[in-house]
Every structure is written in C-alpha cells, then in structure tokens.
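Here is how the chains run, residue by residue.
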Amino acid sequence: MPLESSMPPLQQVLRRLAMALLVLAVTTFLVWFDRAGYNDNSDGSVDFLDAAYYATVTLSTTGYGDITPVSDAARLTNILVITPLRVLFLIILVGTTLEVLTERTRQQVRVHRWRSRMRDHVVVVGYGTKGRQAIETLVGQGIRKDKIVVVDPQRKTIEAASSDGLVSVLGDATRSDTLRKAELQSAAQVIVAPQRDDTAALVTLTARQLNKRATIVAAVREDENVPLLRQSGADTVITSSSSAGRLLGVSVVSPAAAQTLEDLMAQGSGLDLTERPVSQDEVGRSPRGCVDPVVAVVRNKKVLDYADPQLGNLKLGDRLVTIGRATHLS
C-alpha cells in the first residue's frame, strides 16, 4: 500500500507545538526584559507571569488590553519583533492543521487509486526467508514488483519490504481486515509463508474465505499439518522440513544431482525450471522433439511426466514444464 509520510501526523503536530512554544517563550522573555515599558492595569507593574500572560494573549490575537506597552521602546519592539512573532505563531498553528489534513487527504487519494488499479496480483504473507525467496523467484519469472503485496506483522520487516520496492501492509494476516487492505479479494495468487504452521492454517482459511478463485500456495514445517492446510483451502502445500531433508539425502548420494536441483530452484542462476504453453510448432510432436528439455506436461489440470504412456504427442492447450538456460547467462 502507498506509504504514509515519513513523519506521522501526531509527530508533525508535536513538532509544530514545540516550535509554537519556543516562539511563545521568546516573546515572553522579550516582554519581561522590557517590562519597565509595560503597564498592568491591575497593579501597575509587570512580573514574569504577567509577561507570559501578555505574550500568550498577544500571539493568539486575543488582546484584552489589560497589559499594554506604554513606552516608545516597548511599542517599537511590538511593531518590529512581537508582531512578526505573532504572524509566525499563527502560521505554525494554522499551517500544522492544514498540512496534516492535506497529507491525510492526499494519502487517502493515493490508497484509493492503488486499490482501484490492483487486480490479479500476488499477495505474499510473511517476508522471512521463505517469503523473500518466493518473491525473488516471482520477479525472476517476470512478475513486476508493483504486482506483489507483502503482508507481515513486524514493522521492521515491512520497512525492509518497502525499501526493496514492494507494496507492503503491516498487520496480522489472520485477520480479514488486514488481508482486505492488501486487496486479497481481487488477487490471483496467494503465498502463505509465516513462521508457524498454525498461523499458516489460519491465514489460509481466512484467505480462502475472502477469495474463492485465487491459487493459494502454503508452506509448513511438518508433514502432519499438510492435510490441515489442504482442508483450509490451500491448492499446494510445501513442507519445508521434508524438502530440506530430501535435498540433504540427495546431496549425500549424489552431490552433483543436489547441485543441479539447487540450480533449478534458484531462478536466474543457471538452469531455470519454467512452465509455458505449447507453441503451434510443437503441437503434434513428441515432448522429446521440443527445443528445451520437457520434464512434464500439464494436460486437463493433470501433470504427466515426459515418459508417461498416456501422454503421446503434444496437443493444443498443453502446458510444458521445461528446463532452459537462464537468459542472462546464455
């Protein structure tokens, strides 16, 4: 979501209030220093409290007239110094109100425009290691950063996401109000990658209630929680601990195979695993006849490996999962 101004409205008001008090203090000391040139109708003398009182009613343009400058020096000071201070005092107070109201209005307009444009975007819940790597892969696949919205409960994490050029929303993603701020109801994909499995289940359930058509991909630590995530509405569930364990096992048996798997999963580092529609030239061919090695074919929402006997030749509407060289390395 468009970020608010660097200084919150309350902080702006407090800063301006401090400036106004400084102007008031300067005026008070000026009057008290030249107190001999002022007359108090009540007792004829002006002490420090009287000077503060006179400065307050003068700067606020109240002007009761019970304390007045009578000497030429005091009147000259009022003309040349206190009157400009009065104007400055009013500018500070009125300017603060106008600035805060203007900034809030401008912020509301920016948010409204952003929400009106945001459609079919990707919402990423959690900007930890898993969330960052998922976003890096999405950007490597060609998805623009302005089409990715990060949701996280930690302010420092949100600030980091914003500094990385991502739209970010601060809040608890298990609450529907927070997900609505991210316009999840109009998102095309949702990545759920919090630190805890129970949080992932609640976020998935809330996200599915808000958006029935979005593709939801969730990450969990334990295999036993996979059915719970699927029941909550996740289309795909990735078990981080099991995936890491399998990669460790492969690394022991075949370090080269493990390195190749890492290369395939790291977008843009060498070999890329991508999904694309079949081209007109490839229709009717065997998967082995394609330029890029085909490892699987998605047909009628079913994934078939390249050697599946049911596959046969490629058809119009098929989607190919291929291995290709990263474009910037070719």
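See above for the structure.
Bear in mind that the values here come from a model prediction, so they are computed numbers and not experimental data.

Criteria and thresholds
- Residues numbered from 1 in each chain as written.
- Predicted model: local features only at pLDDT ≥ 70, side-chain atom pairs only at ≥ 80, totals over all residues.
- Heavy atoms only, no water.
- Pairing = 2+ DSSP bridges.
- Helix = DSSP H or I, 4+ residues; strand = E, 2+ residues; numbered from the N terminus.
- Right-handed = clockwise from strand over helix to strand, strands pointing away.
- Phe/Tyr/Trp six-rings, centres within 6.5 Å; stacked < 30°, edge-to-face > 60°.
- Buried < 20%, exposed > 50% of the residue type's maximum accessible area, 1.4 Å probe, protein only.
- Salt bridge = Lys/Arg side-chain N within 4 Å of Asp/Glu carboxyl O.
- Patch = residues over 30% accessible without salt bridge, like charges linked within 9 Å, V, L, I, M, F, W, Y side chains within 5 Å.
- Areas by Shrake-Rupley, 256 points an atom, 1.4 Å probe, with all protein chains shown as cover.
- Core = buried A, V, L, I, M, F, W, Y, C linked by side-chain atoms within 4.5 Å.
- Contact = heavy atoms within 4.5 Å.
- Axes fitted to C-alpha atoms, helices over the stretch in contact; angles between N-to-C directions.
- Polar contact = N/O pair within 3.5 Å; in protein donor to acceptor, adjacent residues only side chain to side chain.

Visitor: When you look at the pairing of strand 5 (residues 167-170) in this model, what are you seeing that I'm missing?
Guide: Working note: regular strand, side chains alternate between the two faces of the sheet. Summarising the sheet, strand 4 (residues 148-152) and strand 5 pair through four bridges and their orientation is parallel. Its bridge partner being in strand 5, Val-150 is matched across the sheet by Ser-168. A crossover links strand 4 with its parallel partner strand 5, the connecting element being helix 5 (residues 155-163), and its sense is right-handed.

Visitor: Mind showing me how you'd approach the packing of aromatic side chains here?
Guide: Aromatic ring pairs are described here by two measures, namely the spacing of the ring centres and the angle between the planes. Counted by the stated rule, this structure contains three aromatic pairs. For the pair Trp-32 and Phe-48, a centre-to-centre distance of 5.9 Å together with 75 degrees between the ring planes defines the contact as edge-to-face. Separated by 16 residues along the polypeptide, Trp-32 in helix 1 (residues 9-33) and Phe-48 in helix 2 (residues 48-59) bring together distant segments of the chain. For Trp-32, a relative accessible area of 32% puts it in the partly exposed group. Here Phe-48 falls in the partly exposed class, since its relative accessible area comes to 40%. Feature note: the residues Phe-29, Trp-32 and Phe-48 constitute an aromatic cluster, connected by ring pairs.

Visitor: What is the right way to look at the pattern of salt bridges in this model?
Guide: In this structure the tally under the stated criterion is nine salt bridges. In this structure, Asp-164 engages Arg-132 in a salt bridge whose closest nitrogen and oxygen atoms are separated by 3.9 Å. Of this pair, Asp-164 sits in the loop between helix 5 and strand 5 while Arg-132 sits in helix 4 (residues 129-140); the two residues are 32 residues apart in sequence, bridging distant segments of the chain. Take Asp-164: its relative accessible area is 33%, and that puts it in the partly exposed class. In this structure, Arg-144 engages Asp-146 in a salt bridge whose closest nitrogen and oxygen atoms are separated by 3.0 Å. Residue classification places Asp-146 among the partly exposed positions, given a relative accessible area of 39%.

Visitor: Is there a simple way to explain a nonpolar patch on the surface in this structure?
Guide: On the surface, Leu-76, Ile-79, Leu-80 and Val-81 cluster together to form a nonpolar patch covering roughly 380 Å² of accessible area. For Ile-79, a relative accessible area of 58% gives the class exposed.

Visitor: Even after reading the chapter, I still don't get the pairing of strand 10 (residues 294-299), so can you show me in this structure?
Guide: With five of its six residues buried, strand 10 lies for the most part within the structure. Looking at chain direction, strand 10 and strand 11 (residues 302-305) are connected through four bridges and run antiparallel. Residue pairing for strand 11: Ala-296 is matched across the bridge by Asp-305. Hairpin connection, strand 10 to strand 11: the antiparallel pair is bridged by two residues, and Asn-300 has positive phi, about 55 degrees.

Visitor: I tried to follow the nonpolar core on my own but got confused; where do I start?
Guide: Burial of nonpolar side chains together is a common tendency in soluble globular proteins. Of all hydrophobic cores here, the largest spans 27 residues; its most connected members are Val-123, Val-125, Val-151, Leu-179, Leu-184, Val-192 and Leu-229. Per element, the largest residue contribution to this core is five residues, and it comes from helix 7 (residues 197-210). In this view, Leu-184 contacts His-121, Val-123, Leu-179, Val-190, Ala-207, Leu-210 and Asn-211; residues no more than four positions away in its chain are not counted. Counting 12 residues, the second-largest nonpolar core is a separate cluster that includes Val-122, Val-124, Ala-134 and Ala-193.

Visitor: Can you help me understand the sheet that holds strand 8 (residues 236-239) in this one?
Guide: In a beta sheet, neighbouring strands pair by backbone hydrogen bonds and run either parallel or antiparallel. As summarised here, the arrangement of the six strands in space is 5-4-3-6-7-8, forming an open sheet in which the pairing is parallel. Looking at strand neighbours, the two that pair on one side only are strand 5 and strand 8, the edges of this open sheet. Direction aside, the axes of adjacent strands within the sheet are offset by 15 degrees on average. Across four bridges, the pairing between strand 3 (residues 122-125) and strand 6 (residues 189-192) is parallel. Across the sheet, Val-124 pairs through a bridge with Ile-191, a residue of strand 6. In this fold helix 4 packs onto strand 3, strand 4, strand 6 and strand 7 (215-220), with an angle of close to 180 degrees to the strand it touches most, strand 4.

Visitor: Even after reading the chapter, I still don't get the side chain of Ser-168, so can you show me in this structure?
Guide: Position of Ser-168 relative to the elements: it lies in strand 5. Residue class for Ser-168 comes out buried when judged on its relative accessible area of 6%. At 2.6 Å, the side chain of Ser-168 forms a polar contact with the side chain of Ser-162.

Visitor: Explain the environment of Leu-210 to me, please; I cannot follow it from the model alone.
Guide: Residue placement: Leu-210 occurs in helix 7. Residues Leu-210 and Ala-187, spaced 23 residues apart in sequence, show a C-alpha to C-alpha distance of 10.0 Å. With sequence-adjacent residues up to four places away left out, Leu-210 is seen in contact with Ser-176, Leu-179, Arg-180, Leu-184 and Gln-185.

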